[in-house]
Amino acid sequence: MLDLQQLETIGNHFLEVLLKMKHNGAIDKTRAGFTALCNRLLCSNDPRLCKLTESWMDQLMERTVAKGQTVDDLLRRSAGIPAAFIAFFLSEPEGTPKRLLPKALSWLIDVVKESLINQPKANISNSDLCSGNNDEVSKFRDEGVVPTVHAFNVLKAAFNDTNLATDTSGFCADAIVISIRSFSSPYWEIRNSACLAYTALLRRMVGFLNIQKRESARRALTGLEFFHRYPTLHSFLLNELRVATELLLEGSSEHLGFNLKNVVHPSLCPMLILLSRLKPSPISSETGDSLDPFLFMPFIRRCSIQSNLRIRVLASRALTGLVANEKLQVVLLNIASELPCEKNHITTPDSSSTSISTNRTSCSYNSIHGMLLQLNALIDTNCRNLIDSFKKDTILNELIQILATRSWIGRPQYCPCPILNGCIIKVLDNMLSIARTCEASRSARVIWNLLWELSSESLDLEPTDCLSYFDPTIQELRKQAATSYFNCVFPTCKEATEDELQMRRIVSTPATSSLRVVGQMEVAFTKFQERLIRSMSDASYEVRIATLKWLLLFLKNKESLGDNGEEQFHYEAIKTCLTNINLQETLMKLLVTEKHHKCILYLLKVFYTWNSLEFQEDSQPSSETTYVCNMDRNSVFQIWNKLVSLFEITRHAKTRQTLICCMGVCIKRISILCMSFISSKVEKKETTPSKLFSDFYDALTYFMDMIEQNSDASEPINMRKAAAESMIASALLANAEALGSLVSSSTISDENLSIKLYARKVLDLWFICVKLLEDEDVGLRKTLALDVQKCLKKNSPFAMASSQVEKVIELCFEHLTEVFGQWHDYLDCLCSWVLNIANGGSYFVSGGDLVRRVFDKEIDNHYEEKLLICQICCLQLEVIPSSNSGGARGILGKWRTRFYEELIGFSREYIGKRGSVDWIGGVGNHKDAFLPVYANLVAFYALSKCLLKEEPENCGAMLLSEVDAIGEAIKPFLGNPLIYNLYSVLVKSHVKCFCRNGDNLRGNWRRGDSDWVEFNPYFLLR
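Rules behind the numbers
Residues numbered from 1 in each chain as written. Predicted model: local features only at pLDDT ≥ 70, side-chain atom pairs only at ≥ 80, totals over all residues. Heavy atoms only, no water. Helix = DSSP H or I, 4+ residues; strand = E, 2+ residues; numbered from the N terminus. Buried < 20%, exposed > 50% of the residue type's maximum accessible area, 1.4 Å probe, protein only. Contact = heavy atoms within 4.5 Å. Areas by Shrake-Rupley, 256 points an atom, 1.4 Å probe, with all protein chains shown as cover. Disulfide = S-S within 2.5 Å. pLDDT = per-residue confidence, 0-100. Axes fitted to C-alpha atoms, helices over the stretch in contact; angles between N-to-C directions. Parallel < 35°, antiparallel > 145°, perpendicular 65-115°, else oblique. Nonpolar A, V, L, I, M, F, W, Y, C, P; charged D, E, K, R; others polar. Core = buried A, V, L, I, M, F, W, Y, C linked by side-chain atoms within 4.5 Å. Expected span 1.5 Å × (residues − 1). Arc of directions from axis to C-beta. Salt bridge = Lys/Arg side-chain N within 4 Å of Asp/Glu carboxyl O. Polar contact = N/O pair within 3.5 Å; in protein donor to acceptor, adjacent residues only side chain to side chain. Phe/Tyr/Trp six-rings, centres within 6.5 Å; stacked < 30°, edge-to-face > 60°.

**Details of the overall build of the chain**
Phase 1 of the analysis: Within the chain, the secondary structure is distributed over 46 helices and five strands.
Phase 2 of the analysis: The burial tally for the chain puts 52% of its 1022 residues in the buried class.
Phase 3 of the analysis: Contacts spanning at least 24 positions in sequence make up 75% of the contacts within the chain whose residues lie at least 6 apart.
Phase 4 of the analysis: Total accessible area on the chain is roughly 47,000 Å²; 52% of this is exposed by carbon and sulfur atoms.

**Quick word on the state of the cysteines**
Phase 1 of the analysis: Under the criterion given, the structure shown has zero disulfides.
Phase 2 of the analysis: Unpaired in this structure, C870 has its nearest cysteine sulfur neighbour in C874, at a distance of 4.3 Å.

**Structural notes on the confidence of the model for the chain**
Close inspection of predicted coordinates is inappropriate in any region flagged by low pLDDT.
Phase 1 of the analysis: This prediction gives the chain a mean pLDDT of 80; 75% of its residues lie at or above 70.
Phase 2 of the analysis: Ignoring residues within four places in sequence, the model shows residues 345-354, a span with pLDDT below 50, making 13 contacts including any to other chains.

**A look at unusual backbone geometry**
Phase 1 of the analysis: At A440, a position not held by glycine, the phi torsion is positive, near 50°.
Phase 2 of the analysis: For A440, the location among the structural elements is in the loop between α21 (418-435) and α22 (444-459).
Phase 3 of the analysis: For A731, which is not glycine, the phi dihedral falls at a positive 60°.
Phase 4 of the analysis: Of note, A731 is situated in the loop between α35 (717-730) and α36 (736-743).
Phase 5 of the analysis: Relative accessible area serves as the criterion here: at 18%, A731 is assigned to the buried category.

**Focus on the packing of helix α39 (residues 805-820) against helix α40 (residues 824-839)**
Phase 1 of the analysis: Taken N-terminus to C-terminus, the directions of α39 and α40 make an angle of 150°; their axes are 10 Å apart at the nearest point. Judged by the inter-axis angle, α39 sits roughly antiparallel to α40. Contacts between α39 and α40 involve F813, L816, T817 and F820 from the first element and Y826, L830 and W833 from the second.
Phase 2 of the analysis: Residues belonging to the contact of α39 with α40 are distributed by class as follows: six nonpolar, one polar and no charged.

**Structural notes on the nonpolar core**
Phase 1 of the analysis: Residues F89, F226, I300, M431, W640, W766 and F820 are the most contacted members of the largest nonpolar core, which totals 312 residues.
Phase 2 of the analysis: At 15 residues, helix α44 (residues 927-948) tops the list of elements feeding residues into this core.
Phase 3 of the analysis: Look past the residues within four positions of W640 in its chain and what remains in contact with it is M663, C666, I667, I670, A699, Y702 and F703.

**Details of helix α1 (residues 4-20)**
Phase 1 of the analysis: With 17 residues, α1 ought to run about 24 Å at 1.5 Å a step, and its terminal C-alpha atoms sit 24 Å apart, in line with that.
Phase 2 of the analysis: Along α1, the positions that sit buried rather than exposed are L7, G11, L15 and L18. Along the axis of α1, the buried positions cluster into a sector of 70°, meaning they face one direction only. Turned more than 90 degrees off the buried face of α1, the exposed positions are Q5 and K20.

**Regarding the pattern of salt bridges**
Phase 1 of the analysis: For the structure shown, the criterion picks out 24 salt bridges.
Phase 2 of the analysis: With a closest N to O distance of 4.0 Å, R760 and D825 form a salt bridge. Placement of the pair is R760 in helix α37 (residues 753-773) and D825 in helix α40, with a sequence separation of 65 residues.
Phase 3 of the analysis: Given the relative accessible area of 16%, D825 is considered buried.
Phase 4 of the analysis: Between E968 and K971 there is a salt bridge, and its shortest N-O distance comes to 3.6 Å.

**Focus: the environment of S741**
Phase 1 of the analysis: As for its placement among the helices and strands, S741 is situated in helix α36.
Phase 2 of the analysis: Note on S741: relative accessible area 47%, which makes it partly exposed.
Phase 3 of the analysis: Each C-alpha atom, one on S741 and one on W823, is 9.6 Å from the other, the two residues being 82 residues apart in sequence.
Phase 4 of the analysis: Polar contacts involving the side chain of S741 include one to the main-chain carbonyl oxygen of A738, which spans 2.7 Å.

**Examining the packing of aromatic side chains**
Phase 1 of the analysis: Tallied over the entire structure, the rule returns 29 aromatic pairs.
Phase 2 of the analysis: Taking 4.7 Å as the distance between ring centres and 15° as the angle between the ring planes, the aromatic pair formed by F767 and W833 counts as stacked. With F767 in helix α37 and W833 in helix α40, this pair connects stretches of sequence that are 66 residues apart. The same class applies to F767 and to W833, which are both buried.
Phase 3 of the analysis: When the centroid spacing of 6.5 Å and the interplanar angle of 40° are considered together, the rings of F1015 and F1019 count as tilted.
Phase 4 of the analysis: F1015 gets classed as buried once you look at its relative accessible area, which sits at 14%.

Rendered as structure tokens:
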């Protein structure tokens, strides 16, 4: 259809748009069209059409390196130039050899290499760059910099594209070499574009970085695999590291005048970052292997003396991927042995030198810190991941013997550098956590004793004892000391893996047993309780938050323990460590004085977890320890008022969620006291509420309102989860059984308002629970469905473990009917719930019209099935016997009339609003019309069925007339087969009871083609 000239014109137009347009959206759309055009041409059998694409790419290359380009051409990452290249790359047909991509990438790499070769000609010192005479600088940048930046931007786009991952893999090594070398460029534009390309290459070669675990989650490679995959990188990195580390100098005062460029080579950081992304190899390289990663070891070790802290940190991480498991023991012992053994002289902080003279070597604080960082990285990564437990323990045992002679580094009175003190404590902490996983560990006891001693001394260090100004390093030291100190008492892990949890369940060794004994003895003799109290109220925020985090994990540690004695030891540890400190009272005192919102959050979490442990099954409240569950009324209300006041003034979301849970714990105790008070009134035959009950009722009302507000579907999911958790923690749902026996007892008169008010609140809470069981969040529904079954009546046929939400909702209503079935107010509750479901929604939006407008409010929870709840309630109405008392028949008759009026009113309102507009298939098929009609009609049907069971002849004429009036009113909605068949069942039930008067019903509503043989009004249940 199009000739060669027209196709060439179209392609030239696409290319012109890509080269001139700077709008990202226009560039993306044009690239898609250009890709489709080039693909069709390359798939053609005509060689002239295939050459068109190659000619366009040649034009693009000429434009990329054109003379006279300025910095303005670099706008938006070279604008459309990378998009044009990507269009050529993606257009090549799959399954055929690539020609355009290898040609372009090789050419782009050559462009950058040529720029690097010519870089000495444009070598300008940093002082010239900062001076005002920058005419020459601009000239060089304009002539050579812009094409290089274009090339890097194209490389970045190519390596970022997942569709090109396989085709570009062969160019990764050359591309990363030029990227690292370009970090030495004197031009910021080249360094910036090289950094972006380097980032894309790093992700493509070793995968994305897991920030939490400091490892590559995908495509993770060992050092051995990496250098055998990219062999050219080994020699390049080796030579570059040799040059970069030769410039490293000691960070003493005589070298502070040197320029940063002479201290840190520009290529050093990117090389260390690349090496730090490699994981340890389980096997070593062969002897004489030129690609052995271990050859980098001397140069990485040399980085430990660097005065730049970030270099020392990066070097420690880079070391982990270079040391194979077979060489780990030798490397660790060598590094530890290089630490100064005994300190003969330390210069004061005011001295000009920071070197330390020892009997064996002379080193600086920086070098000691670098060696400790490398030790810590190798222990935490390489040693922890060793499979052989015996080998791990052997390494730790030999290592602790060396570190024990260097313990002065962790003592503030001998080593006045908090960074070094904290670093060696961190090393010992990691060693102890690994030793605890080893069977028959020989090193655990020695590590424990040394870590306990050093962390205790660092915790006793006060900032005012050393300096008159604020030193953040001291705070970090005390934070690490607090974490390690309490881990000695009981190890906690926030993010334990499945393997670690399995190890805890399996391993029960003599070493861990002896460690427990040592821990308990030390706790008893070193006044651990006083240390815990002081740390929780410490002046340093870092110490307080570290202590509270440990305490929270310590209390919650039961979840990760097995059944081999660990759980029993956990309870013994809690009793030993926390019995004598009156934790409950301490927490409430700290809540009054604490100002930091995060500490308040953890105080509340500890409060909730502490009391939740005592409320668990198989656990009896201890008389020696204070919990909410064994407090008197005044004490509980003091805590309740404190929590309420905090809730009113707190705006931090996580703190509000925890406060909601804490109030649930208090309400449980208040409900117990309230039930005791009500039972005493029943025995004394008192019927009027008292001031004491008013206090109980006010607290329950506040709690109910808070739960209802935060369980709404429009609230954030975390608030709804907190409301559900607090509702279960309050145990109010379980009070239904006791209240049911009270309200149904014949000895209780109708005037006993205390019982009735309390029972109504419990019923309302059950309905909130049902609403949350229909929440849109799957996790919330599943958790609540399992928890709420614990509140069902014991030994009930309905009590069963099920996570199917619909089944659990049915079980809830069956449980309530069994408990409150004899109470007339329960009938009122069921009918009012149905009425709220049927008529509570905004069905007539926009002035009564069923047509929704643009800004009409949508429902918040699309998972909610209102009709299911309505049918369950109506089914329960049929189950409850109405012949036990005349009051029940009166209530049912009143509600039947109410639903009759709602149906008539809804139909009249619709007829008055609709005019001549009609819906396809009938308005009964509209979702906003179906629910109110069907819900009101099924409630009318259920109530009629209840009344027809007893003495139907007394009011037959009136019942039939109401049925007939409903038929006339809902005629526009009978196009829906469900509504039609429900009304048909309603008519048949009345005709069956009043066979003589059945002929009076008008039959013009009947439709023969819509009758179903068997229709169940509760079709969602059966």
